[in-house]
Structures are given as C-alpha cells and as structure tokens.
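# Fold and contact review
The chain contents come next:
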Amino acid sequence: MPFPVQRKRRLRVSESMRRLVRETHLEPSQLVLPLFVCPGEAVRNPISSMPGHAQLSIDELLKDCAAAQELGIGGVILFGIPESKDELASGAYAHDGITQQAVRAVKTSVPQLLVMTDVCNCEYTSHGHCGKVAGNEIDNDATLEWLAKAAVSHAVAGADMVAPSDMMDGRVGAIRTALDAAGFPNTPIFAYAAKFASVFYGPFREAAESTPQFGDRRSYQMDPANGREAMHEMELDLEEGADLLMVKPALPYLDLIRQAKDRFPVPIGAYQVSGEYSMIMAAARNGWIDQDRAMMESLTSIRRAGADIILTYFALDAARAVA
Ligand code: PBG
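What this report covers is the structure whose coordinates are included nearby. (Residues numbered from 1 in each chain as written. Predicted model: local features only at pLDDT ≥ 70, side-chain atom pairs only at ≥ 80, totals over all residues. Heavy atoms only, no water.)

### Examining the overall build of the protein
Regarding its fold elements, the protein presents twelve helices and twelve strands. Here the C-alpha radius of gyration of the protein, 20 Å, is about what a compact globule of 323 residues would show, namely 20 Å. Once the C-alpha set of the protein is aligned to its principal axes, its extents read approximately 70 × 45 × 40 Å. Across the protein, contacts joining residues at least 24 apart in sequence account for 73% of those joining residues at least 6 apart. A total of about 14500 Å² of accessible surface is found on the protein, and carbon and sulfur atoms cover 51% of it. Taken together, the 31 basic and 41 acidic charged side chains of the protein have centroids lying 11 Å from each other. (Helix = DSSP H or I, 4+ residues; strand = E, 2+ residues; numbered from the N terminus. Rg over C-alpha atoms; globule rule 2.2 N^0.38 Å. Contact = heavy atoms within 4.5 Å. Areas by Shrake-Rupley, 256 points an atom, 1.4 Å probe, with all protein chains shown as cover. Lys, Arg positive; Asp, Glu negative; His and termini not counted. Charge placed at Lys NZ, Arg CZ, Asp CG, Glu CD.)

Below, the structure written as structure tokens:
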C-alpha cells in the first residue's frame, strides 16, 4: 500500500531511530592500516600527497602499531622501502630485508597485532616493475620464484598473513606450495585477486618510491573495463589456494565487490587506495567537503557493497570515529 499509508520518513525522524534500522556497520576489526617502513631511526618522513601518512623507521612504526592495537583495528599491512634497489629485487626476499626486520620488530613489541605483508617486487626493483624484466617484458614465471621466496621470508619473520599484489599468473599457487614446503601450512594468503591498472595508485608510488621507470603496469594489472575477467581472476586465485580475495581499488569497483561477495564463500577485502584517500583529503583541505563524513560515507559504502575487510589509510581515524 503506497502513500499515505507508507511513509518512509517515519524511520528517519531521529538519530536513535536511524541507528535502530541501520543496515551496515563499521567495526575497527574490519579495518586494516597500510604502513610504509624505511631504514633509519626516528624517521617520520611525511608523504606530501597523503597528509597524515609518512615513511616510518622501525622505531616510529612501532608507535603507530601500538596505536592501531589500542584502537582494536583488524591489522596492519606493511610495505617496505629498501635502502637500495636492484634488477633482481633482492631486498624483497632478503631475510634481513626492511620488511622482514619490521615484521620481527612488530611481532616482538605488539604481538597481538595482526601483521600482513604486501608481497611484491616493485618497491625493490631498480626499474620499478613488479617482476623480472626481460627485454621490454615482465617475465611471469621467473617472477614467481622471487614472490615465493619473499612470502616465505615474511612468514619466517613472523607475518600472520601474506598478500601478493603483483598480478603475475600462478603466484598464489607458487606461494602456497613454497609456504607449505617451508613449514607454514597455516599462513593464509590474502590475494589481491582483482587488481586494476589504476590511476588511483599515484600517491602510493610517491610513498613507496615504486613508479615504473619505463612503460606501465597494463600488461599485468587488469583493464578497468573488465568485470567478468575480474571474477575469473578471483576464481583462479581461489583454485590456487587463496584464503581471502581482494578487489582494488574500492570505490570505483563497488559492483565487483558485490559480485565477489555473492559468488565466493571466502572473506572479501577491498583496498581503498592512496588516490581515493588523497582525493578526500585534498577536497577537505580546500574546505570543499567534510573530511570525517566523506571518510565514513565512503567506508560504509564499501562495506554495503559487500567488503568484509577494508584496507584503508583512514583506519585509525575511522576506528576512533566509531569507538
Ligand atoms: C604494489 C602495490 C601497489 C599498491 C599496493 N601494492 C602499487 C601499484 O601496484 O602500483 C597500491 C596501493 C595504494 O595506491 O594505496 N604492487
């Protein structure tokens, strides 16, 4: 029976009424904070395009991890910025590499905090690509070996979960096999399964110093136009042994988050990437939008679309907002 029997506004009259009928909730435990770790001591080198974020030396990183634990967020994901880069991405899989040292320090000083690691090569290669360069191409199968070694080195250091973000074919299977062989059958793989060649990674590449020196990432990251292909990527990653699946970026790909949620019986993550964060921060700093409301509305929308877990640079602020 339509109006005047139906009046949708009845349930919107007050905040207490709206709260009662709210369908989507944001909990600190659903949020994962990305952090950038660099060599040195007492370093907190601000990232100009990502206000509020900085490259952190391990001692400073521990402070942010303690804050994250205090706020009850789901975990942190670590990105390493090595002292030096080379053709072979040696720093990515060195047992005393920057990420491996950081994982050890965090697991020692804040042991309850869940630590994920990003498994990729672009921060560690002199050319900035995510894999081994052969001529003008990225050699898929040769890169799998680096990725597998990196994932094992993170697990040895104490990582609770590894998250491959390189988009090479077969990486999840290669990492699963290597982890099992190294005695880590219980380390889960959070696959950046549907990762698009997105302009919204721009600020991250400043933060991680990982801009490709030639070409772009379109021969391995996905074409933003393709949704069915994203479902196939996810299906393959699941078959290879992924425990959780991620869509990245988040806000421009809400349709795919929803499809993945309806289709796959595993936790679905979404990465609200650097550019999504920077756009909100830039507009807020100009006085054009309200920062906290834009943060909450975007995160709530990503949850409503179906994300169980959100990787976001707003993790600490959002956890404070819902506390
Ligand atoms: C590494 C990686 C990237 C991001 C996460 N892991 C950069 C890229 O693929 O260029 C982007 C995260 C962000 O923009 O916040 N491959």
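Read on, since the account is not over.
### Focus: empty space enclosed by the protein
All chains considered together, the criterion is met by one cavity of 30 Å³ or more. By volume, the largest cavity is sized at about 160 Å³. Together, 20 residues line the largest cavity, and C122, K195, Y201, F204 and K248 are the ones closest to its centre. When contributions to the lining of the largest cavity are tallied by element, the ones reaching two or more residues are strand 9 (190-195) and helix 7 (202-208). The residue makeup of the lining of the largest cavity, split by class, is ten nonpolar, four polar and six charged. (1 Å grid on protein atoms, 1.4 Å probe; cavity = no way out; pocket = protein on both sides within 12 Å on 5 of 7 lines; lining within 4 Å. Points joined across faces, edges and corners; volume = space filled by probe spheres on them. Nonpolar A, V, L, I, M, F, W, Y, C, P; charged D, E, K, R; others polar.)

### Some details on a nonpolar patch on the surface
A surface patch of nonpolar side chains, about 280 Å² in accessible area, is lined by L11, L20 and V21. Assignment of secondary structure puts L11 in the segment before helix 1 (15-21). (Patch = residues over 30% accessible without salt bridge, like charges linked within 9 Å, V, L, I, M, F, W, Y side chains within 5 Å. Salt bridge = Lys/Arg side-chain N within 4 Å of Asp/Glu carboxyl O.)

### Points about the pairing of strand 9
Burial within strand 9 is extensive, with six of its six residues counted as buried. Sheet analysis places strand 9 next to strand 10 (residues 244-248), joined by four bridges and oriented parallel. Within strand 10, the position partnered with K195 by the bridge is K248. (Buried < 20%, exposed > 50% of the residue type's maximum accessible area, 1.4 Å probe, protein only. Pairing = 2+ DSSP bridges.)

### Here we look at the packing of helix 2 (residues 58-70) against helix 4 (residues 98-109)
A pair of packed helices is captured by two measures, namely the crossing angle of their axes and the spacing between those axes. Relative orientation of the contacting elements helix 2 and helix 4 amounts to 45°, with a least axis distance of 10 Å. In terms of their interaxial angle, helix 2 and helix 4 are classed as oblique. Like other packed secondary-structure pairs, helix 2 and helix 4 cross with a definite hand, here right-handed. Two secondary-structure elements touch here, helix 2 through I58, L61, L62 and C65 and helix 4 through I98, Q101, A102, A105, V106 and S109. In the contact of helix 2 with helix 4, the residues fall into eight nonpolar, two polar and no charged. (Axes fitted to C-alpha atoms, helices over the stretch in contact; angles between N-to-C directions. Parallel < 35°, antiparallel > 145°, perpendicular 65-115°, else oblique. Left-handed = near helix turned anticlockwise from the far one by under 90°.)

### Notes on the environment of E15
Summarising the element assignment, E15 is placed in helix 1. For E15, a relative accessible area of 40% translates into the label partly exposed. Here the alpha-carbon distance between E15 and G131, two residues 116 residues apart in the chain, equals 51 Å.

### A short note on the site of the ligand
As a structural note, the neighbourhood of the ligand is formed by 19 residues, with K195, R205, K248, S274 and Y313 the closest of them. Between the ligand and D118, the relevant distance is 3.4 Å, taken from a nitrogen atom to a side-chain nitrogen or oxygen of the residue. S274 places a side-chain nitrogen or oxygen 2.7 Å from an oxygen atom of the ligand. Here the ligand, which alone exposes 400 Å², has 100% of that area covered by the protein. In this structure, the ligand is accommodated by the largest cavity. When grouped by side-chain class, the residues that make up the shell around the ligand number ten nonpolar, three polar and six charged. (Near = heavy atom within 4 Å. Polar contact = N/O pair within 3.5 Å; in protein donor to acceptor, adjacent residues only side chain to side chain. Sits in = over half its atoms within 2 Å of the grid points.)

### Quick word on helix 2
The terminal C-alpha atoms of helix 2, which comprises 13 residues, lie 18 Å apart, in line with the 18 Å expected from a rise of 1.5 Å per residue. Among the structural elements, strand 1 (31-37), strand 2 (44-46), strand 3 (54-56), strand 4 (75-80), helix 4 and helix 12 (315-322) are those in contact with the buried residues of helix 2. Positive phi appears at G72, one or two residues downstream of helix 2, with a value of about 75°. (Expected span 1.5 Å × (residues − 1).)

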